[in-house]
There are 2 protein chains.
Amino acid sequence: MGERPVKAAILVIGDEILSGRTQDVNIGQIAQFLSPLGITLGEARLVSDVHDDIVAALNALRARWDYVFTTGGIGPTHDDITADAVAAAFGRAIDVRADAREILERWYENSGTELTPARLRMARIPDGAQLIDNPVTGAPGFQIGNVFVLAGVPKIARGMLEDIAHRLEGGAVTQSLSIRLEGVREGDIAEILGQAAADFPSVSIGSYPWFQERAGGELSRGVAVVLRSADGEALASAEQTLKAALAAQS
Amino acid sequence: MGERPVKAAILVIGDEILSGRTQDVNIGQIAQFLSPLGITLGEARLVSDVHDDIVAALNALRARWDYVFTTGGIGPTHDDITADAVAAAFGRAIDVRADAREILERWYENSGTELTPARLRMARIPDGAQLIDNPVTGAPGFQIGNVFVLAGVPKIARGMLEDIAHRLEGGAVTQSLSIRLEGVREGDIAEILGQAAADFPSVSIGSYPWFQERAGGELSRGVAVVLRSADGEALASAEQTLKAALAAQS
């Protein structure tokens, strides 16, 4: 793995998340999958099932980031328009492809299910794209350029990620650690954190207030301080300095 | 409320979600808050704590959508740069503002806490912005133009939404209903759904496959079909037609 920071983006496609009906878990799942490969997420976008919106977002993201992962919109129904939008974004033709069709034929034969015209839509793959294995429901995803087109169902997306790990070139692996402080507000420690951020420029220091209700209904609060760096020594040194400063203040 | 579709976007600011450490809940929370007001989400973006990225995303979103809600980055620490980025996006000056300072002074006096320089950063408000009340931790959010700047902590964001409901002009309220089918795959019902989508153009029909593990470890699967429309009659008619077609097939 190299030392260059490698960054990715996620494009979540579909009305289900934006309507508030369903909670997205793919952003977190993909971030956690990429992290040990030394790839961090730089951006994520959620768009509706609207052809032009998908095309515009995908073209913006793939131009800027090393990798783009899309989730959603590759099923057999009328609102599954991702494959066609991706083909349009790349200016490629798209049609039912023999290799994808064969995968579906085998899969549905094994499960005694008819390969209907609707299901055959899932074999529509842009010219030049490389298939991504779907160990859960058969219908493949695909890769074209730096874009990986995955299913929206989290279990299927997870299965597809396993097939592409070896296609990804990672960067320096970022290590992170967190210091959980209770009974403290961000304002109590802001100067200390700002100083540490200035003293350790290679370490990213984030602070995240939390609130928690205890069993008895009593509210407790605190701050989680998260340190991240590709430089393990700097990270350890920043942690030590920060803990000493926090202890000296309290 | 008018009949024009009113659409909003969300800009989630901060590395915490993109790193996969924390699961975003604000997109869903805000979507659910807006829905009964007749406002639907058209897009969401998640960006890092990077000034230029926040400015660019905010300017793209506020130009396109009726309303934009930002979450995150308005606390007292060094990585809280949202207020300055929003001011830059609007080309406005920003400084500690008397009204916001007063709110903080009162709040911290009541809680016997010192108003440190770090905490005072939370009174930095762009020129011309209108404050948003924060019933949870005092430090206000603000509105400027069609942009509402909220805290990232979900409980605080929720509290702030209550203060701005009356500032939002809603559209026609969309009704929705869902039909939960078990033991069915999307491919089994794709033709029926496509036909219904063609027959009822004013109704949005989405289909969402689900997988569930039963207590015994057995896997069950199905499809949730979601119908949405501002036209209640068309919605009911589409539901009836769809249920009849599904029953006739099974």
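All of these numbers come straight from a predicted model, not from anything done at the bench. (Residues numbered from 1 in each chain as written. Chains lettered and ligands numbered in written order. Predicted model: local features only at pLDDT ≥ 70, side-chain atom pairs only at ≥ 80, totals over all residues.)

1. Comments concerning the overall build of chain A
As a reminder, the rule being used: What counts as a helix is a DSSP run of H or I of at least four residues, what counts as a strand is a run of E of at least two, and both are numbered from the N terminus. Neighbour counting defines burial: a residue surrounded by 20 or more other C-beta atoms within 10 Å of its own C-beta is buried, one with 12 or fewer is exposed, and intermediate counts give partly exposed, using backbone-placed C-beta atoms.
Along its length, chain A carries 9 helices and 11 strands. Within chain A, buried positions represent 46% of all 250 residues.

2. Topic: the pairing of strand β11 (residues 219-229) of chain A
All names here are of chain A. For the record, the criterion: Strand pairing is assigned whenever DSSP detects at least two bridges linking the two strands.
Here 8 bridges tie strand β9 (residues 175-182) to β11, and the two strands are oriented antiparallel to one another. Along β11, the bridge assignment pairs Ser-178 with Val-226. Hairpin remark: strand β10 (residues 204-213) followed by β11, antiparallel, with 5 residues in the connecting loop; positive phi at Gly-217, about 95°.

3. Brief notes about the relation of the copies chain B and chain A
So the rule is basically this: Least squares is the method for superposing the copies, and the C-alpha atoms it fits come from residues with pLDDT of at least 70 in both. This entry defines residue contacts through backbone-placed C-beta atoms, with two residues in contact when those atoms are within 7 Å.
The transformation that overlays chain B on chain A combines an axial shift of 0.0 Å with a rotation of 180°, and the residual RMSD is 0.0 Å. The transformation relating the two chain copies, once decomposed into turn and shift, fits a two-fold axis. In terms of proximity to the rotation axis, the leading residue of chain B is Arg45(B), whose C-alpha is 2.2 Å off the axis. Most of the interface of chain B is mirrored in chain A: 100% of its interface residues are interface residues there too.

4. Notes on the domain arrangement of chain A
Many descriptions give the size of an interface as the accessible area lost when the pieces come together. Just so we agree on the cut-off: Each domain's limits were defined by an automated method or a database of domain assignments.
Split by domain assignment, chain A resolves into domain 1 (6-167) and domain 2 (175-249). Domain 1 of chain A and domain 2 of chain A are separated by 37 Å when their C-alpha centres are compared.

5. Focus on the interface of chain B and chain A
This is how the line gets drawn: Any residue outside Ala, Val, Leu, Ile, Met, Phe, Trp, Tyr, Cys, Pro, Asp, Glu, Lys and Arg is labelled polar, Gly included; the first ten of those are nonpolar and the last four are charged.
With 42 residues of chain B at the contact, the number on the chain A side is 42 residues. Those elements that provide at least two residues to the side of chain B that touches chain A are α1 (15-18), α2 (26-34), β2 (39-47), α6 (117-120), α8 (186-199) and β10 (204-213) of chain B. Along the lines of polarity and charge, the residues of the side of chain B that touches chain A split into 16 nonpolar, 16 polar and 10 charged. Where strand β2 (residues 39-47) of chain A meets β2(B), 5 bridges bridge the pair, whose relative direction is antiparallel. Among the inter-strand pairings, Ala44(A) is bridged to a residue of β2(B), identified as Leu46(B).

6. Some points on the sheet that holds β10(A)
Residues and elements named next belong to chain A. The following threshold applies: A fitted line through C-alpha atoms serves as each axis, taken over the contacting stretch for helices, and the angle formed by two N-to-C directions is quoted from 0 to 180°.
Overall, antiparallel pairing links the 3 strands, which are arranged β9-β11-β10 in an open sheet. Looking along the sheet, the strands with just one partner apiece sit at the ends: β9 and β10. Strand-to-strand twist across the sheet, computed as the mean angle between neighbouring axes with direction ignored, equals 20°. Pairing between β10 and β11: 10 bridges, direction antiparallel. Bridging from a neighbouring strand, Ser-207 pairs with Val-225 of β11. Contacting β10 and β11, helix α8 (residues 186-199) runs over the sheet at an angle of about 160° to β10.

7. What to know about helix α3 (residues 51-64) of chain B
All names here are of chain B. Under the convention used in this document: The span you would expect from a helix comes to 1.5 Å times its residue count less one. Our arc is simply the arc of the directions from the helix axis toward the C-beta atoms.
Between the first and last C-alpha of α3 there are 20 Å, a value that for 14 residues agrees with the 20 Å anticipated at 1.5 Å per step. Residues of α3 that are buried include every one of Ile-54, Ala-57, Leu-58, Leu-61 and Arg-62, and no others. Angular distribution of buried residues about the axis of α3 spans 120°; they occupy a single face of the element. Turned more than 90 degrees away from the buried face of α3 sit Asp-52 and Ala-63, all of them exposed. Its buried side turned inward, α3 meets β1 (6-13), β2, β3 (67-71), α4 (82-90) and β8 (147-150).

8. Comments concerning the sheet that holds β10(B)
Residue and element names in this part refer to chain B. In spatial order, the strands read β9-β11-β10; together these 3 strands make up an open sheet with antiparallel pairing. In this open sheet, the two strands that pair with only one neighbour each are β9 (175-182) and β10. Mean inter-strand twist for the sheet, computed between neighbouring axes without regard to direction, equals 20°. Strands in contact with α8 are β10 and β11 (219-229); relative to β10, the strand with the most contacts, it is inclined by about 160°.

9. What to know about the nonpolar core
Worth spelling out the cut-off: Linking buried Ala, Val, Leu, Ile, Met, Phe, Trp, Tyr and Cys residues through C-beta atoms within 7 Å yields a set, and such a set is a nonpolar core.
Counting residues in hydrophobic clusters, the biggest one holds 108 residues, and the most contacted among them are Leu11(A), Leu58(A), Val68(A), Val86(A), Leu11(B), Val68(B) and Val86(B). Apart from the residues within four sequence positions on either side, Leu58(A) is in contact with Leu11(A), Val68(A), Thr70(A), Ala85(A), Val86(A), Ala89(A) and Val147(A). Counting residues in hydrophobic clusters, the runner-up holds 18 residues, among them Ile192(B), Ala197(B), Val203(B) and Leu235(B).

10. Some remarks on the packing of α3(B) against α4(B)
Residues and elements named next belong to chain B. Here is the rule: For classification purposes, angles smaller than 35 degrees are called roughly parallel, those larger than 145 roughly antiparallel, those between 65 and 115 roughly perpendicular, and all remaining angles oblique. For any helix crossing, the convention is left-handed if the near helix is rotated counterclockwise from the far helix by under a right angle, and right-handed if that rotation is clockwise.
Look at α3 against α4: their axes get within 9 Å of each other, and the N-to-C directions meet at 50°. Put simply, α3 runs oblique to α4. Once α3 is placed against α4, the crossing between them reads as right-handed. Here His-51, Ile-54, Val-55, Leu-58 and Asn-59 of α3 lie close against α4, whose contacting residues are Thr-82, Ala-85, Val-86, Ala-88 and Ala-89. In terms of residue class, the contact of α3 with α4 is made up of 7 nonpolar, 3 polar and no charged.

11. Things to note about α8(A)
Under the convention used in this document: We define the bend at any residue as the angle between the axes fitted to the seven residues before and including it, ending there, and the seven starting there.
Its 14 residues give α8(A) an end-to-end C-alpha distance of 19 Å, which sits within 8% of 20 Å, the value for a rise of 1.5 Å per residue. Taking the largest bend as the criterion, α8(A) deviates by roughly 30°, centred on Ile192(A). Listing the buried residues of α8(A) in full gives Glu186(A), Gly187(A), Asp188(A), Ile189(A), Ala190(A), Leu193(A), Ala196(A) and Ala197(A). Residues of α8(A) that are buried sit in contact with β10, β11 and α9 (232-249) of chain A together with α6 of chain B.

12. Examining the environment of Pro154(B)
Residue and element names in this part refer to chain B. On the secondary structure map, Pro-154 appears in helix α7 (residues 154-164). When the 17 C-beta atoms within 10 Å are taken as the criterion, Pro-154 is described as partly exposed. Through-space distance from the C-alpha of Pro-154 to that of Asp-24 is 8.8 Å; in sequence the pair is 130 residues apart. Among all residues touching Pro-154, those that are not within four sequence positions of it are Val-25, Asn-26 and Gln-29.

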